[in-house]
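Residues per chain, in single letters:
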Amino acid sequence: MEFKLKKLNYEYNSLEPIIDEKTMIIHHTKHHNTYITNMNNILNNNNLEYNNIEELVLDLENITGDFKQALINNAGGHFNHEIFFDSLINEKESNIEDINEELTTLITNTFGSFEEFKTNFVNAGLTRFGSGWVWLVLNNNKELVIKSYLNQDPALTKTEFPLFGVDVWEHAYYLNYQNLRADYLNNIFKIINWKYVNNRFENALKYFNK
Ligand code: MN3
């Protein structure tokens, strides 16, 4: 199966002024697309076939060829960006009350309050040295954890299911924010699609119950 870049659920200028149109166009049609092209090439060259990106990501630990790191980088790049772009929405449509009661309670019990969760999340993104990602994941003990990963290491494992993540590579924010990664991270909380996060939370519960 050939992986393809899917169209975004919104226009490239929908996330302005938090993320500018030019950044979105370059990020989606160049960066994300390149990960997909490279991944498809590696899979074709090595006669590997997967039904979906989750299946591929979960199989990475079993790969032994010299292309392993390249596959981690590019498959991870595709997996991470698809979740990232799907988890964003126009500021007017981003509504924190879309989070269901179970997830709201879990956030409060884990971090003290939503504000403290946000502070911890922003801080994890801020202290990620170099390029990488910050994620909210549910683990197999049904605990919420903030994780930070280097480069494009994918946030899905047998014991962790990502609910949403923020790209802290400079290409994600540099045109608008330059060196101000903290502003980018704080602002992005205004454009999270909490309905989508909620869906991923439901999927995470199913993932660990199967
Ligand atoms: Mn990126």
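From a predicted model like this one, the values you see are computed outputs, not experimental measurements.

The rules behind each value
Residues numbered from 1 in each chain as written. Predicted model: local features only at pLDDT ≥ 70, side-chain atom pairs only at ≥ 80, totals over all residues. Heavy atoms only, no water. Helix = DSSP H or I, 4+ residues; strand = E, 2+ residues; numbered from the N terminus. Rg over C-alpha atoms; globule rule 2.2 N^0.38 Å. Buried < 20%, exposed > 50% of the residue type's maximum accessible area, 1.4 Å probe, protein only. Contact = heavy atoms within 4.5 Å. Areas by Shrake-Rupley, 256 points an atom, 1.4 Å probe, with all protein chains shown as cover. Lys, Arg positive; Asp, Glu negative; His and termini not counted. Charge placed at Lys NZ, Arg CZ, Asp CG, Glu CD. Donors = N, O, S within 2.8 Å, 3.2 Å for Na, K, Ca; no water. Core = buried A, V, L, I, M, F, W, Y, C linked by side-chain atoms within 4.5 Å. Axes fitted to C-alpha atoms, helices over the stretch in contact; angles between N-to-C directions. Parallel < 35°, antiparallel > 145°, perpendicular 65-115°, else oblique. Nonpolar A, V, L, I, M, F, W, Y, C, P; charged D, E, K, R; others polar. Pairing = 2+ DSSP bridges. Left-handed = near helix turned anticlockwise from the far one by under 90°. Expected span 1.5 Å × (residues − 1). Polar contact = N/O pair within 3.5 Å; in protein donor to acceptor, adjacent residues only side chain to side chain. Arc of directions from axis to C-beta.

Q: Looking at this model, I keep getting lost on the overall build of the chain. Mind explaining?
A: The helix and strand tally for the chain stands at eight helices and three strands. For the chain, the N- to C-terminal ordering of α and β elements is α-α-α-α-α-β-β-β-α-α-α. For 210 residues, the compact-globule formula gives about 17 Å, and the C-alpha radius of gyration of the chain, at 17 Å, lands near that figure. Seen through its principal axes, the chain has C-alpha atoms that stretch 50 × 40 × 30 Å. Scored against the burial criterion, the 210 residues of the chain give a buried share of 49%. Relative to all contacts within the chain whose residues are 6 or more apart in sequence, the contacts with residues 24 or more apart total 71%. Carbon and sulfur atoms form 47% of the exposed surface of the chain, whose accessible area is close to 10400 Å². Between the mean site of the 18 positive side-chain charges and the mean site of the 28 negative ones, the chain shows a separation of 2 Å.

Q: Explain the coordination of the manganese ion to me, please; I cannot follow it from the model alone.
A: By definition of the ideal shapes, four donors in a tetrahedron about a metal sit 109.5 degrees apart, and six donors in an octahedron sit 90 or 180 degrees apart. For the manganese ion, the full set of protein donor atoms is His27 (NE2), His81 (NE2), Asp167 (OD) and His171 (NE2), at a range of 1.9 to 2.1 Å. Between the donor residues of the manganese ion, the gaps in sequence give the motif H-x53-H-x85-D-x3-H. Of this pair, His81 sits in helix H3 (residues 68–86) while His171 sits in the loop between strand E3 (160–167) and helix H6 (174–177), and the two are 90 residues apart along the sequence. Since its relative accessible area comes to 0%, His81 is described here as buried.

Q: Help me understand the nonpolar core, please; the structure alone is not making it clear to me.
A: For soluble globular proteins, nonpolar side chains are generally found buried alongside one another. Core analysis: the largest hydrophobic core is formed by 66 residues, its most contacted members being Leu56, Leu71, Leu163, Phe164, Val166 and Tyr184. Among the elements that line this core, the one with the most residues is helix H8 (residues 194–209), at eight residues. Discounting residues that sit within four places of it in the chain, Leu163 has contacts with Leu103, Leu136, Val137, Leu138, Leu144, Val197, Arg200, Phe201 and Ala204.

Q: Help me understand the packing of helix H4 (residues 101–111) against H8, please; the structure alone is not making it clear to me.
A: For any two helices packed against each other, one specifies the crossing angle of their axes together with the interaxial distance. For the pair H4 and H8, the least separation of the axes is 10 Å and the interaxial angle reads 85°. When the axes of H4 and H8 are compared, the pair comes out roughly perpendicular. Between H4, through Glu102, Leu103 and Leu106, and H8, the contact on the second element is made entirely by Val197, Asn198, Phe201 and Leu205. Among the residues making up the contact of H4 with H8, the classes are represented as five nonpolar, one polar and one charged.

Q: How do you make sense of unusual backbone geometry when you look at a structure like this?
A: Residues other than glycine predominantly adopt negative phi, and peptide bonds predominantly adopt the trans conformation. Backbone torsion omega between Glu16 and Pro17 reads 5°, so that peptide bond is classified as cis. Mapped onto the fold, Pro17 is located in the segment before helix H1 (21–45). At Gln178, a residue that is not glycine, the phi angle is positive and equals roughly 45°. Within the secondary structure, Gln178 is located in the loop between H6 and helix H7 (181–188). Here Gln178 falls in the partly exposed class, since its relative accessible area comes to 36%.

Q: Would you mind showing me how to read the pairing of E3 here?
A: A regular strand places its side chains so that they alternate between the two faces of the sheet. The buried fraction of E3 amounts to eight of the eight residues, a majority that puts the element mostly inside the structure. Where strand E1 (residues 132–139) lies against E3, seven bridges are found, and the strand directions are antiparallel. By the bridge assignment, Val134 is partnered in E3 with Val166.

Q: Just checking my understanding: could you explain the packing of helix H5 (residues 114–126) against H7 for this structure?
A: Taken N-terminus to C-terminus, the directions of H5 and H7 make an angle of 145°; their axes are 9 Å apart at the nearest point. Read as a crossing pair, H5 and H7 show a hand that is right-handed. Across the interface between the two elements, Lys118, Val122, Gly125 and Leu126 from H5 touch Arg181, Ala182, Leu185 and Asn186 from H7. Across the contact of H5 with H7, the residue classes tally to four nonpolar, two polar and two charged.

Q: Teacher, can you tell me more about H8 here?
A: Working note: α-helix, 3.6 residues per turn, so residues spaced by three or four point in the same direction. With 16 residues, H8 should reach 22 Å at 1.5 Å per residue; the first-to-last C-alpha distance of 23 Å fits that figure. Of all the positions in H8, only Trp194, Tyr196, Val197, Asn198, Arg200, Phe201, Ala204, Leu205, Tyr207 and Phe208 are classed as buried. Among the structural elements, helix H2 (53–59), H3, H4, H5, E1 and E3 are those in contact with the buried residues of H8. You can read the cap of H8 off the contacts: a side-chain oxygen lies 3.2 Å from the backbone nitrogen of Lys195, and it is on Asn193.

Q: Could you clarify how one ought to interpret H4 in this entry?
A: Of all the residues in H4, the buried ones are Leu103, Ile107 and Phe111. One face of H4 carries all of its buried residues, which in axial projection span an arc of 40°. Exposed side of H4, more than 90 degrees from the buried face: Glu101 and Asn109 are the residues found there. The inward-facing, buried residues of H4 abut H5, E1, strand E2 (144–150), E3 and H8. Among the residues of H4, the N-terminal cap falls to Asn100, whose side-chain oxygen and the backbone nitrogen of Glu102 are separated by 3.2 Å.

Read these as layout, nothing more, since geometry by itself doesn't imply function.
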